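# A closer look at the structure
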Amino acid sequence: METTLHEQDFEKGSRELVRYDNAIVKMFAVAALGWGIIGFLVGLIVAIKLYVPEFLGGIDVLSYGRLRPLHTNAVIFAFAGNAIFVGVYYSLQRLCKARMFSDLLSKIHFWGWQTIIVSAALTLPLGITTSKEYAELEWPIDLAITLVWVVFGWNMIGTIMRRKERHMYVAIWFYLATFLTVALLHVVNSLALPVHLLKSYSMYAGVQDALVQWWYGHNAVAFFLTTPFLGIMYYFIPKASGRPVFSYRLSIVHFWALIFLYIWAGPHHLLYTALPDWAQSLGAVFSVMLIAPSWGGMVNGLLTLRGAWDKVRVDPVLKFFVVGITAYGMSTFEGPMMSLKNINALTHYTDYIIAHVHLGALLWNGGLTFAMLYYIIPRIYRTKLYSVSLANWHFWLMTLGVVIYVIPMYWGGITQALMWKQFLPDNTLQYNNFLETVTQLIPMYVMRSIGGTLYLIGACVGVWNLYKTAKSGSLLADEEVYVVNQMRVQAVPSTAHKEYWHRVLEGKPLRFSLYTIAAVLIGGVVEFIPTALVESNIPTIATVTPYTPLELEGRDIYIREGCYTCHSQMIRPFRSETARYGDYSKPGEFVYDRPFQWGSKRTGPDLHREGGKRPNAWHWKHMENPRSTSPNSIMPAYPWLYTTMLDTKHTEGKILTLQKLGVPYPEGFAGRAVADLREQAKQVAAGVEEGGIRGVQPEQEIVALIAYLQRLGTDIKKTAPSTSMK
Amino acid sequence: MYKNILSSIPGIELYPILALVLFFGFFSALIYWFFVVDKQRMTTLSAGILEEDMPATSSHLHHPIEGE
């Protein structure tokens, strides 16, 4: 019937010539592959650093704390980001039967995004970071991201508005939700007040900052690493298998349920922390409910292959899809499970989380990306895949690499958590020395890097195969096709029947977008507004005072070096934690923390009660050579903190900025800040020398860092308001 | 301890009820729709993307897999 209609339409003159832009698809594909290899390589380097701490050691720009954010940003925004744009630019044009809205916007989007990535690759190793996970980039880059993202959305919505197809296929809804929600998340989470071009302080402090950050962090996973890839799944699986999606009804339910529920689940990253209990519970409940739409989507993807499983045996594209979607199912089962407070108590802060995210990132995002590229590249180059055999090698290297990666990490995570919690009959911790629980994991860390190496080799094989494929053909930069402009075709019998509500919605992309935003906003608003209202009323602790200028500078060094990537500052209210670290963390202790430094992983011990535990000289020796104070420690040394003198050029500006944000420094204090800093530095340096160290200069950066560490968690131990701010 | 702050919001007692009504209302409607929607139409919509565009030139090759 459809064919007949098309013939009629062609005759009626509604046939139009469309030129799909494949050149932009190719550009994003090359970028995704190039950045992917770099991102995986940096991941491998940081993995090796965990058992050979001095590997590439002594070089500040290559230290673990600075490279780890580079790794996460590279794989999320450079690899997966460019892959999303490959999928969107290829499928959107074909789903809308229209060329991208503007070639100029496509180019601005491409080059803008690559410039942002290069800026990230330059600033993160230099320690220019906000320390908010997956949102580490400083404010000028954040502004650039906003602009480029708007260009992307403009180009996408423009294409949808000009479409020649009445129906907006399900993949497009996922793309739209991605654009709208990521814009919202990015803007809200990045709000900050600049001190200068490369430094800013978060608009939020402590508990609020944590809530906003994990609302962002969780939904970056949802709307950057999930929804666009679901769109890719809904387009490419039917195309590659030649079968329509298993249930289109289910895909509609999947879409609305997923975007409605996902946004609420952020607080599951903050269970047992100082976040209000009701918000934690809400996050946990919605996380458990999320399993329904997630698995609905997974089932819908896999069952699309009903009757086409014979193709899965021979077609690498489908193999990558099947493993990717299966990993999605596993990850989205784990997620809700880890949101249960009893399981979270065991898995949080451990390598279990590392296994969980890599299962998702390497197989779901990585697998789908390569599946899509194996599908697209031969088509736009008008050739065959260079080698199916190499693609199969890639498939097995990827799959086995991930297995060898995640199993030791799951095992290691649970092992360490159990060791943390193990008590002796006399009520003391069996593994009182945190390091014992770390050295136990070294073999697992080695296994992990072997798995990662296999994955990287597989990716290189994939890149080679795709390169050879491209070389064997020639790029069809402008693919000319004839399409029927359905928007011009008069109502014909097959489309004349009563339109259903969703179809009406799809006909109006802007209204569709508004409903999507509404669905997304409800969760955010319900969780955030009460917490924001609590702001001025977070149980105030009278003895908690703002950081001194030296401590503030020390804290900024702590942030610059990425200490939060291995050390948390959040003692949960468990016996095993209070026995190890001291009193559990209270919300009121973080009111001057911009940004918060709770961390998400304990490769080293928690530092929230570090202040006053050890003499200054211990910290001096520890940072100079961690193994001198803690045998077998896997922490790297920080020699540059001893040779670099503290830059106080911006100290005054930092105090002024914090004052604007509401930190109660006395009036006129900014002008005295540097003098106050020097005075305290002398005292700290003298404290170091008391421990037998000679030649300590108060100007050394390490002195500021020690001042900060010695302040941590000490305020609530004071009996009277601090006098250090005089 | 948060009760003091929350109780100062006018009409706060209606919020959870409203959230519950919205939530269940939305999903009940979605489930109802799931069962009553015209399945034939759904099939047509999902099959739409499988139609290949008609190439304007004859130089297209679509053989991505050896031996396909």
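So, a few notes on the structure that sits alongside this text. (Residues numbered from 1 in each chain as written. Chains lettered and ligands numbered in written order. Predicted model: local features only at pLDDT ≥ 70, side-chain atom pairs only at ≥ 80, totals over all residues. Heavy atoms only, no water.)

### Some details on the side chain of glutamate 561 of chain A
Residue and element names in this part refer to chain A. As a reminder of what qualifies: What counts as a helix is a DSSP run of H or I of at least four residues, what counts as a strand is a run of E of at least two, and both are numbered from the N terminus. Burial classification: accessible surface area is computed with a 1.4 Å probe over protein chains only, and a residue below 20% of its type maximum counts as buried, one above 50% as exposed, and the rest as partly exposed. Throughout this description, a polar contact denotes any pair of N or O atoms lying within 3.5 Å of each other; where both atoms belong to protein, one of them has to be capable of donating a hydrogen while the other can accept it, and for residues adjacent in sequence the pair is counted only when both atoms sit in side chains. Throughout, a contact is declared for two residues whenever any of their heavy atoms are within 4.5 Å.
If you trace the backbone, glutamate 561 turns up in the loop between helix H21 (549-560) and helix H22 (575-581). Taking relative accessible area as the criterion, glutamate 561 reaches 1% and is therefore assigned buried. Within the structure, glutamate 561 has its side chain in polar contact with the side chain of arginine 66 (distance 2.8 Å). Separated by 2.9 Å, the side chains of glutamate 561 and arginine 560 make a polar contact. Setting aside residues no more than four positions away along its own chain, glutamate 561 makes contact with Ser63, Gly65, Arg66, Tyr638, Trp640 and Leu641.

### Brief notes about the packing of aromatic side chains
All names here are of chain A. Spelled out, the test is: Working definition: rings of Phe, Tyr and Trp (its six-membered ring) pair if their centres are within 6.5 Å, and the pair is stacked with planes under 30 degrees apart, edge-to-face with planes over 60 apart, and tilted otherwise. Distance and angle both matter: a charge sits over a ring if NZ of Lys or CZ of Arg is within 6 Å of the ring centre and within 35 degrees of the ring normal.
A full pass over the atoms with the stated rule returns 55 aromatic pairs over all chains. Judged by centre distance (4.9 Å) and plane angle (65 degrees), the ring pair of phenylalanine 85 and phenylalanine 152 falls under edge-to-face. Of this pair, phenylalanine 85 sits in helix H3 (residues 64-96) while phenylalanine 152 sits in helix H5 (residues 139-161), and the two are 67 residues apart along the sequence. On the numbers, 5.6 Å between centres and 80 degrees between planes, the contact of phenylalanine 320 with phenylalanine 395 is edge-to-face. Highlighted residues: phenylalanine 320 in helix H13 (residues 316-338) and phenylalanine 395 in helix H16 (residues 388-420), separated in sequence by 75 residues. An aromatic cluster of at least three residues, connected via ring pairs, comprises Phe28, Phe77, Phe85, Tyr89, Phe110, Trp111, Trp113, Trp149, Phe152, Phe179 and Phe224. Between arginine 15 and the ring centre of tyrosine 482, over which it is positioned, the NZ or CZ distance is 4.0 Å. If you follow arginine 575 out to its NZ or CZ, it ends over the ring of phenylalanine 423, 3.6 Å from the centre.

### As for the pattern of salt bridges
Residues and elements named next belong to chain A. Selection criterion: Throughout this description, the term salt bridge denotes a Lys or Arg side-chain nitrogen within 4 Å of a carboxyl oxygen of Asp or Glu.
Tallying each qualifying case throughout the model produces 29 salt bridges over all chains. Two residues, aspartate 21 and arginine 99, come together in a salt bridge whose shortest N-O distance is 3.9 Å. With aspartate 21 in strand E1 (residues 15-21) and arginine 99 in the loop between H3 and helix H4 (103-123), the pair connects residues that are 78 residues apart, well separated along the chain. Lysine 199 is the partner of aspartate 556 in a salt bridge, and the nearest nitrogen-oxygen pair spans 3.2 Å. Placement of aspartate 556 in helix H21 and of lysine 199 in strand E3 (residues 199-202) is noted, with a sequence separation of 357 residues between them. Classification of lysine 199 as buried rests on a relative accessible area of 11%. Shared partners join several salt bridges into a network, and the residues in it are Arg19, Asp21, Arg99, Asp103, Asp478 and Glu480.

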